[in-house]
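Reading the structure
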Amino acid sequence: MHSPKEVPLEDEATFNQAETFCALTLQADGPMAIEHMAKSEFHSHPAYDAFKLEAYIGIPLTVDGKRFGTLNFSSPYPHERKFSD
């Protein structure tokens, strides 16, 4: 998987989890969707400053009753309308 040229991510890069949107998703009760990061409450999050991702949707994954990880998608461009179910 490769990131868009506009996003400064390198293949196989690792990050401090606390500085990612995945950390927010792991704390959420369900899916987390942000259509336009710059206009959201998360505009000051370290991940936004580092990667300039404008749209994000993440789902926490649970295995045997424990949070295991996330499945997420992001874009350097805002999503034009609200994400739907």
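The preceding data block contains the structure.
First, a word on what this report is: a plain description of the structure on this page. The model shown is predicted, which means the values in this text are computed figures rather than measured ones.

Calculation criteria
- Residues numbered from 1 in each chain as written.
- Predicted model: local features only at pLDDT ≥ 70, side-chain atom pairs only at ≥ 80, totals over all residues.
- Heavy atoms only, no water.
- Helix = DSSP H or I, 4+ residues; strand = E, 2+ residues; numbered from the N terminus.
- Buried < 20%, exposed > 50% of the residue type's maximum accessible area, 1.4 Å probe, protein only.
- Contact = heavy atoms within 4.5 Å.
- Areas by Shrake-Rupley, 256 points an atom, 1.4 Å probe, with all protein chains shown as cover.
- Core = buried A, V, L, I, M, F, W, Y, C linked by side-chain atoms within 4.5 Å.
- Salt bridge = Lys/Arg side-chain N within 4 Å of Asp/Glu carboxyl O.

Here we come to the overall build of the chain. Looking only at helices and strands, one finds 2 helices and 3 strands in the chain. Put simply, the chain runs from its N terminus to its C terminus through helices and strands in the order α-β-α-β-β. Considering the chain as a whole, with its 85 residues, one finds that 31% of them fall into the buried category. Sequence-distant contacts, at least 24 apart, represent 49% of the contacts inside the chain between residues at least 6 apart. Of the roughly 6,400 Å² that the chain leaves accessible, carbon and sulfur atoms contribute 52%.

In this structure, Phe21, Leu24, Met32, Ile34, Met37, Phe42, Ala47, Tyr48, Phe51, Leu53 and Tyr56 together form the largest nonpolar core, which totals 11 residues. Of all the secondary structure elements, the ones that give two or more residues to this core are α1 (21-27), β1 (32-34) and α2 (46-51). Residue contributions to this core peak at 3 residues, all from α2.

Before going further, it helps to examine the pattern of salt bridges. Counted by the stated rule, this structure contains 2 salt bridges. Its salt-bridge partner being Lys82, residue Glu35 comes within 4.0 Å of it at the nearest N-O pair. With Glu35 in the loop between β1 and α2 and Lys82 in the segment after β3 (66-75), this pair connects stretches of sequence that are 47 residues apart. The partner of Asp49 in a salt bridge is Lys52, and the shortest N-O contact between them spans 3.4 Å.

Honestly, that's just the spatial picture; any functional story needs more than this.
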